[in-house]
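Residue-level listing of the chains:
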Amino acid sequence: RVDEWTDVDRKRVMNDIITTMFNKKFMEELFKPQELYSKKALRTVYDRLAHASIMRLNQASMDKLYDLMTMAFKYQVLLCPRPKDILLVTFNHLDAIKDFIRDAPGILNQVDETCRQLIETYSCLSAGEFQLIRQTLLIFFQDMHIRVSIFLKDKVQNSNGRFVLPISGPVPWGTEVPGLIRVFNHNGDEVKRTEFTTDANYVTPQREGSFDLYGDRVLKLGTNMYSVSRPVETHMSGSSKNLASHAKENIVPNPLAKEELNFLARLLGGLEVKKPDGSETGFRLNLFTTDEEEEHAALTRPEELSYKVINIEATQEPGRRAELSRILGEMEVAEPRPPSAGKGEDLLALMDGL
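Residues numbered from 1 in each chain as written. Predicted model: local features only at pLDDT ≥ 70, side-chain atom pairs only at ≥ 80, totals over all residues. Heavy atoms only, no water.

## Topic: unusual backbone geometry
- A positive phi angle, close to 60 degrees, is found at lysine 155, a residue other than glycine.
- Structurally, the position occupied by lysine 155 is in the loop between helix 8 (149-153) and strand 3 (169-170).
- In this structure lysine 155 comes out as exposed when scored by relative accessible area, which is 67%.
- Positive phi values are uncommon outside glycine, yet valine 218 reaches one of about 65 degrees.
- Structurally, valine 218 can be placed in the loop between strand 6 (202-203) and strand 7 (234-236).
- For valine 218, a relative accessible area of 31% corresponds to the partly exposed category. (Helix = DSSP H or I, 4+ residues; strand = E, 2+ residues; numbered from the N terminus. Buried < 20%, exposed > 50% of the residue type's maximum accessible area, 1.4 Å probe, protein only.)

Structure (structure tokens):
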């Protein structure tokens, strides 16, 4: 449909993408113990997921969507009150996804199974192991400082793209509000107390968030950031542009390239990208106000941050090359070119409609 897309279209797109995202083979690969993979590998998988339905995005819109996703997740990880709360953020994501597919019990079961795997895999980890996970994620995102209008308006992000850490609000669960110093002797007996005042307004959380399959997560990080209707823009900050100009990929061959190629092939092999049949042309999602604005963004984006082509030449073994070519070939989808942009192609319309 050129002029508009209906609730049926929205539901179909969400069902297709969520079905692909929680594909059993895909989840099995993600849950295997492994090293953190590169930004390009993540972006490749993300592109495939975003195009798992009849929806299509041009390069500039895809870049913008990816920028928004990465900065939102970085914000959530950075502001977690304690490392273990990363799991609560993930449950908030999954709870929102389950709302999208509540009328599709088969897909809902896929998501619930992933929740069970998360609980089984991560609920037994120590605070130190969660801290290692959190630090690893922050290292992955540390050079990304893209400004997002929602964060700028809420003053949780500075004009240079860096996030603002709050000094007030609830303290992490299991800790006490700052303001008291206790002194103990060698027997472990408290012998002195000293109180001090703080500039911040700390409060004790009323309860801990639920780590069960269903429950009140308490933590709001990871919930709908579009609960208040407002436009969303992403912009490269000055420091990020300078960083991008010097952030050329290292041309020295990576000894782990073969392993990364195999890993990426396994991930992509689990993604079942939908191909529109002959009667369907699909529709294009434009995250900009006009097509001209989208084209301008594509031209002005630093080349290092646009993932147009990803070449991984790891081995000359014919069998492996043929296997990867087969996997990628199955997911090639012709780019539909509708004659004009419709009102369903606006990001706010998409999010508000969902």
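## Some details on the environment of arginine 217
- The residue arginine 217 is located in the loop between strand 6 and strand 7 in this model.
- Taking the C-alpha atoms as reference points, arginine 217 and phenylalanine 91, separated by 126 residues in sequence, lie 7.6 Å from one another.
- Not counting residues up to four positions away in its chain, the partners in contact with arginine 217 are Leu88, Phe91, Asn92, Asp95, Gly209, Ser210, Phe211 and Asp212.
- Engagement of the side chain of arginine 217 in a polar contact is seen with the backbone oxygen of serine 210, the distance being 2.8 Å. (Contact = heavy atoms within 4.5 Å. Polar contact = N/O pair within 3.5 Å; in protein donor to acceptor, adjacent residues only side chain to side chain.)

## Structural notes on the pairing of strand 5 (residues 190-195)
- Little of strand 5 is tucked away: 0 of the 6 residues are buried.
- The antiparallel hairpin formed by strand 4 (residues 180-184) and strand 5 contains 5 residues in its connecting segment, where glycine 188 sits at a positive phi of about 85 degrees. (Pairing = 2+ DSSP bridges.)

## Here we look at the nonpolar core
- Ile18, Leu94 and Phe151 are the most contacted members of the largest nonpolar core, which has 45 residues in total.
- Counting residues per element, this core draws most heavily on helix 5 (residues 85-100), which supplies 7 residues.
- In contact with isoleucine 18, not counting residues within four places along its chain, are Ile97, Phe100, Ile101, Ile107 and Val111.
- Within the second largest apolar cluster, 10 residues are counted, among which are Ile17, Tyr46, Ile54 and Met55. (Core = buried A, V, L, I, M, F, W, Y, C linked by side-chain atoms within 4.5 Å.)

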